[in-house]
Amino acid sequence: MKRSTVVVLFLVVILASMGLSTAQPVRADSQVQGVWVFSDEVSALASRDALVQRSAASGVTDLYLSVYHSPASSAGRLMYEDGDMADLIGKAHLNDLAVWAAYGNVDWPAIGCSEAAWPLQRMAEVVAYNAANPAAQFDGVILDVEPPEPQSEADFQNLLALYQCTRAFLPGDVRLAVAIRFYWDTPVAYPAGGPVKPVYQHVVDLDLDQIVVMGYRDFAGTANCNEGDGLICLDQDEIAYADAVLKPDLILVGLETSNCSPGCGPEKVTFFEEGQAAMNSEAQAVAAHFAANPSFGGFAIHRYNGSYLSGLPAWPAENPPPPQGVVIRLLDSQGNGLAGGTAQYYAGGWQALPGSTDGSGLLVTDIPVSSGNLSFRMTYAGASQQLAQNVTSDPTVTFQTTNVTVELRDSHGNLIPDEMGTGAVQYYAGGWRDFGVTAGGQASKELLPLSYSFALTYANARQQLNGQDVGFKPDRHLPDDQRDRRTARQPRQPDPGRDGNRRRAVLRRRLARLWRDRGRAGQQGTAAAELQLRDDLRQRAPELNGQNVGANPVVTFQTTNVTVELRDSLRQPDPG
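The rules we used
Each chain has its residues counted from 1, running along the sequence as written. At least 70 in pLDDT is required for a residue's local features to be given in this predicted model, at least 80 for side-chain atom pairs to be given and counted, and no such filter applies to totals for whole chains, interfaces and linings, which use all residues. Hydrogen atoms and water are omitted, and side-chain values are computed over all heavy atoms in the structure. Helix and strand labels come from DSSP, where a helix needs a run of H or I of at least four residues and a strand needs a run of E of at least two; each type is numbered from the N terminus. Using a 1.4 Å probe on the protein chains alone, a residue whose accessible area is under 20% of its type maximum counts as buried, one over 50% counts as exposed, and one in between counts as partly exposed. Any two residues whose heavy atoms approach within 4.5 Å are treated as being in contact. Throughout this description, the term salt bridge denotes a Lys or Arg side-chain nitrogen within 4 Å of a carboxyl oxygen of Asp or Glu. When DSSP finds at least two bridges between two strands, those strands are taken to pair. In this description, a line fitted to the C-alpha atoms serves as the axis of each element, helices being fitted only across the stretch in contact, and the angle between N-to-C directions of two axes falls anywhere from 0 to 180 degrees. Positive charges come from Lys and Arg, negative ones from Asp and Glu, while His and the chain ends are left out of the count. We define a polar contact as two N or O atoms separated by no more than 3.5 Å, with the added condition that, inside protein, one atom must be a possible hydrogen donor and the other a possible acceptor, whereas residues neighbouring each other in sequence contribute only through side-chain atom pairs. Only buried residues count toward a nonpolar core, which is a set of Ala, Val, Leu, Ile, Met, Phe, Trp, Tyr and Cys residues joined through side-chain atoms within 4.5 Å.

> Describe the overall build of the protein chain, listing the residues and the values that go with them.
Along the protein chain, the regular secondary structure elements total 10 helices and 27 strands. Counting the 576 residues in the protein chain, one finds 49% classified as buried. Once local pairs closer than 6 in sequence are excluded, the contacts in the protein chain between residues at least 24 apart make up 71%.

What follows is the structure, given as structure tokens:
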């Protein structure tokens, strides 16, 4: 199964504000922004006008209006009065808002498709209303009639049959949409004895105009469901299948805004606590992720006035769309958003863009998407990368980091375990910066794919790799007392007693400082340890400038097995 919990429906659209007029909202990529309306916004004139004005000013494109009403209207239909509905629909159409009659009850699939039964009686009332009000007709019907859990194969077969017979019953000019659960992956034969597919694939195969995936979550997440069940994870299967069967603009991502305490589930299924700004940001991340998927059609928000467009704290009565422009995106090596990246673009000189990438890795700019070819610079973790892109053909500029791994290996090529000591790693980007400390011989960090210098401190020695040898040969003898370099250049005959003691004292001091008790001269006057030192035994080493981590993201430091020998004046191993 692709996911494990519930998902949120939301739409992030970038539209221009407007009031009650004939002006048409400007929609980004013609995406849908649907809003469920379950409260009575029909009976009172002020409520109707507020619904249309707030929706038009917020870039809403489709209203999913619950129209069931009891007692029956003067026309004998279990709906609001024709005049009230016609007034609302007429004003909505003037503002380019489609109005769908929304119905739903969990018992509809079991009731079935008889024309004398409850579900098709309600469809007949929509048809009758449209015939009586040709200037203000419903644009479609949307069904939210998922059977109660646990759903059996028969339950799903009844549901699919209800969808199919409803489509057959409604006139061709009345569109049909359905809302489905994100976890409908159960293989089912439909019709009975027919092809076996996951339920959601059977739904996509039907003749439908919209499918709202109710994968409610309050975060976008990523395509990797092992990292969390966000909106992207929970909706991607439906979108991928709709792409494969060539159903453009079919799938809407659902976003929940209702107060779920108690109610619709755990806190993570709703944006109620986070508010409108957070919903906009996460929906924008979802839209950016699915921008290249033809079947991604937009969002459906649940619900009006309970929270969304209600005027409650964090939920303004209008949600004016942000300025539409180029979107800068910073992703890590797994496709997750990275916060804290800053960007510039070139226009007669490098121009800084205000702000930085958010938790979804997005930075929305006011650069017009009609700007054509532009150069951009992303700065992250002290380093900067440049990209050139035609923003008219693709307004999302994506930078992606590489997962760089620094390794600390011994002379045999084995990763050095923590019990043998850890290495502190740095990298150079405008100055030396901390990379991390090895664990199990490795340390990792996300960096832009550029060339860097790396340094590692281990066993009280620091090395800056340059791909050259360490320079300390494993069998090199310890030099004479370097406090007297002149004497070292002109060897003298040592006193095997006093001079031998001096040599042993020098050795112990140096091993205490540089070796940190990693070896001790044994019976044969030798000791060995994995070190990173040059032949002068200083805590310095050659430098590696510019490993391109985009070409090779693994940086390896390797120690040398250093053997220190203690010899007497005759060059024989000193056992003492």
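> Before we move on, could you go through the pattern of salt bridges and cite the residues and values that matter?
Opposite charge on two side chains lets them pair, provided their charged atoms get close. This model, assessed by the stated rule, comprises 12 salt bridges. With a shortest N-O distance of 3.4 Å, Arg 48 and Asp 84 are connected by a salt bridge. Of this pair, Arg 48 sits in helix 1 (residues 45-57) while Asp 84 sits in helix 2 (residues 82-94), and the two are 36 residues apart along the sequence. Residue Arg 48 is classed as buried on the basis of its relative accessible area of 6%. Residues Asp 87 and Lys 91 are paired through a salt bridge, measuring 3.4 Å at the closest nitrogen-oxygen approach. Within this pair, Asp 87 and its partner Lys 91 are both found in helix 2, separated by four residues, close to a single helical turn. Take Asp 87: its relative accessible area is 24%, and that puts it in the partly exposed class. For Lys 91, a relative accessible area of 22% puts it in the partly exposed group. One connected set of salt bridges, linked through shared partners, spans Arg 48, Asp 49, Asp 84, Asp 87 and Lys 91.

> How would you summarise the sheet that holds strand 26 (residues 554-558) if you had to cite specific residues and measurements?
Read across the sheet, three strands follow the order 21-18-26 without closing on themselves; strand pairing throughout is mixed. Looking at strand neighbours, the two that pair on one side only are strand 21 (442-447) and strand 26, the edges of this open sheet. Mean inter-strand twist for the sheet, computed between neighbouring axes without regard to direction, equals 15 degrees. As paired elements, strand 18 (residues 402-409) and strand 21 share six bridges and run antiparallel to each other.

> Could you give me a rundown of the pairing of strand 18, with the residues and numbers involved?
A large share of strand 18 lies buried, amounting to six of its eight residues. Here five bridges tie strand 18 to strand 26, and the two strands are oriented parallel to one another. Counted as the bridge partner of Arg 409 is Gln 558 from strand 26.

> Which residues make up the side chain of Glu 446, and what values go with them?
Of note, Glu 446 is situated in strand 21. Here Glu 446 sits buried without a salt bridge, and the closest side chain of opposite charge, Lys 445, lies 9.7 Å off (N-O distance). At 2.7 Å, the side chain of Glu 446 and the side chain of Ser 333 are in polar contact. Reaching out from Glu 446, the side chain makes a polar contact with the side chain of Thr 401 at a distance of 2.6 Å.

> Could you give an account of the nonpolar core, naming the residues involved and the relevant values?
Tyr 103, Phe 138, Val 141, Leu 143 and Tyr 163 are the most contacted members of the largest nonpolar core, which has 83 residues in total. If near-sequence neighbours (up to four positions away) are discounted, Tyr 163 is found in contact with Leu 143, Val 145, Leu 176, Val 178, Ala 179, Ile 180, Trp 184, Val 203 and Leu 206. Residues Leu 330, Val 397, Ala 429 and Tyr 458 belong to the second largest nonpolar core, which totals 35 residues.

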